[in-house]
Amino acid sequence: MKIIRGIAVSGGIGMGTAFLFTSNPPELKKVKIPESNVETEKERLSKVIASTRKELTDLQVKISKFLGNEFGDFLEVQIQTLSDPALLSICHRNIGDSYSAEYSFSKAISEIAKPLLDSKVGLFKERLADIEDVTNRVLRNLLSLPSVSIIDVPKDSIVLAHTIPPSEIVLLDSRKVNGLATEIGGRTSHIAIIAKALEIPAVLGVEHLLDNMKNDEPVVVDAQRGQVILAPTSRRIQMYSQEIKAYKERRKSLITKKPPQTVITRDEHKIDVSANIELTSEIYALERYGANGVGLFRTEYLFLTKRRFPTEEEQYRIYSEAAMQLKPHPLIIRTLDIGGDKVFPGYEEANPFLGWRAVRFLFDNEEIFLDQLRAIVRASAHGSVKIMFPMISSLSEIRFARRLLDSAKEQLRDRGQRFDPEMEVGIMVEIPSAALLADRLTEHVDFFSIGTNDLTQYTLAVDRGNEKISALFSHYHPAVLQLIRRVIGAGHKAHIWVGVCGEMAAEPLGIPLLVGMGVDELSMTPCAVPFACKIIRGVRVDELRKIVSKVMEYSTATDVVRYLRRKLSRTYPDLAKLFLERKNVCYL
Ligand code: PEP
Ligand code: MG
């Protein structure tokens, strides 16, 4: 048995037999052709480009129909590349120089992709994967090579690959694929987005995954712990079989199909429980798990599927459809949080989490920001839309963001377009400087949503994605708790509502702690909602307040967690199982 670690990008555990997916680029030689063949060669290439474009367009229509437009968007760059008239004319010029269609095409692609490689902004790393993908598809068609496709996987497979190109990942069939692992790719790659949306357990960035790996060997993908287990022992298989069974049962039991109910504590304090989403296709999950609207719509994923900055019109369509679907429940749209570990302009930084991220990037790219602001403001005419600015570190940033929001509204008034003039404007409090100055920020916003993932990372100087130091990353560190309490207190003093949308809002110990601190809203991954509702309905705020007072006396995260586990499980024996669970997450 061999265990290799990687990045867990979705939940769950999958067990099955290995299906090695390889999509090696076709071998390419610099072949010269006789002059007399030039015209037929040009014709051959034009035909193959046209038929490949049709192949991709058909695929896009099919995928958009079954999985939603956001998935169809994955193929947009590839279709556009093949529709570019410049591509064909460069290819013809190369063939005119007596090169074969194959060589001429790949030379032309390199020329077309060069500005993409050189540009700073507007280059999304993923676009290069698209270019490579479409090039290989055309070359395979030119050479009449059989295509290897993920569509051919047998049932109960675990797909193992170095990487999976975009046009293949969209073909993944969750009824046949039990799990997925790749050597490259991270949390925001196209592979992660699809795996999450299709709820396929996936572990990415697994180094040397394919070394000595053979088809049909037994494999486990443990996306709870971020591990791939090759040739598991029979004891391990038995352990995982039980875990998978329990996981499936729990998952099934979570589905409520009831419309969102008011969630109140035993002493009648109302808490809004809403969901974090990354794609609008996840809205179905809200209904399934009973969430009260969207507390955080992370729009950067929309930009990632498009691999470019979407236009105002494209964004307006998406935001307004989501607002209509959710009405009367709220939709909190967060402006683009590009940078950090997320979608990334083609630009390397030594310290991306402290760098050109979110509003810092948008303030330097006003046109991109204004497109998004106008789209969000216009969507407010169709439902209960609120706007939220991430990564705010100072009052000047709020002022600047609001100034741009006012210009966006002014432009819409000039155009005679409708919007809700009362739309709420909030900020994420996720940087310690904002938390410390929260009382000075309240008069400029309608709400605070505390981003505990970043607040913990920046308060403790612990990279939230670095496995090596993950033991240091704790929302229960007294310094983090003091900041959270301060923000809630400042918000309430100024009569604005305060929510939490980081992972802590989905943790069994975090929920009572935050409720005891007085939080008004908790927003979390949709499948955590039933657990959170169960906890909230089982507790009393007056009791939790006393527990919070005691917690604030402790000086280490370990002491806080130990006390919370013991005290909460004794105070609420019905919920003890959740509070005592080893892995401190509420969802599966
Ligand atoms: C957070 O930082 O807690 C948060 C919710 O935002 P994100 O995880 O998208 O950075
Ligand atoms: Mg954040």
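An account of the accompanying structure is given in this report. Treat the numbers as computed from the prediction; the structure is a model and nothing was measured. (Residues numbered from 1 in each chain as written. Chains lettered and ligands numbered in written order. Predicted model: local features only at pLDDT ≥ 70, side-chain atom pairs only at ≥ 80, totals over all residues. Heavy atoms only, no water.)

Here we take up the pattern of salt bridges. Summed over the entire model, instances satisfying the criterion amount to 28 salt bridges. Asp-222 is the partner of Arg-225 in a salt bridge, and the nearest nitrogen-oxygen pair spans 2.5 Å. Judged by its relative accessible area of 30%, Arg-225 is partly exposed. Overall, Asp-222 belongs to the buried group, its relative accessible area being 0%. Between Asp-454 and Arg-464 there is a salt bridge, with the nearest N and O atoms lying 3.0 Å from each other. Of this pair, Asp-454 sits in helix H18 (residues 452–460) while Arg-464 is found in the loop between H18 and helix H19 (478–493), placing the two residues ten residues apart along the sequence. Overlapping salt bridges, with partners in common, bring together Glu-300, Arg-334, Asp-337, Arg-357, Asp-454 and Arg-464 in one network. (Salt bridge = Lys/Arg side-chain N within 4 Å of Asp/Glu carboxyl O. Buried < 20%, exposed > 50% of the residue type's maximum accessible area, 1.4 Å probe, protein only. Helix = DSSP H or I, 4+ residues; strand = E, 2+ residues; numbered from the N terminus.)

What follows covers unusual backbone geometry. Backbone torsion omega between Lys-327 and Pro-328 reads 5 degrees, so that peptide bond is classified as cis. Of note, Pro-328 is situated in the loop between helix H12 (312–326) and strand E12 (330–334). If you check the backbone angles, Glu-199 has positive phi at about 55 degrees while not being a glycine. Of note, the phi angle at Ala-231 is positive, near 45 degrees, even though the residue is not glycine.

Aromatic ring pairs are defined here through the distance separating the ring centres and the angle between the ring planes. Taken as a whole and judged by the stated rule, the model has nine aromatic pairs. Between Phe-309 and Phe-361, the aromatic rings sit 6.1 Å apart at their centres with planes inclined by 25 degrees, giving stacked as the arrangement. Of this pair, Phe-309 sits in the loop between helix H11 (300–306) and H12 while Phe-361 sits in helix H13 (residues 359–363); the two residues are 52 residues apart in sequence, bridging distant segments of the chain. Across this residue pair, the class does not change: Phe-309 and Phe-361 are buried. With a centroid separation of 4.9 Å and 75 degrees between ring planes, the pair formed by Trp-356 and Phe-361 is classed as edge-to-face. Residue Phe-361 is classed as buried on the basis of its relative accessible area, which comes to 0%. What links up through ring pairs into an aromatic cluster is the set Phe-363, Phe-369, Phe-389 and Phe-400. Just above the ring of Tyr-99 sits the side chain of Lys-32; from NZ or CZ to the centre is 4.4 Å. Here Arg-378 stacks its cationic end above the ring of Tyr-316, 3.9 Å away from the centre of that ring. (Phe/Tyr/Trp six-rings, centres within 6.5 Å; stacked < 30°, edge-to-face > 60°. Lys NZ or Arg CZ within 6 Å of the ring centre and 35° of its normal.)

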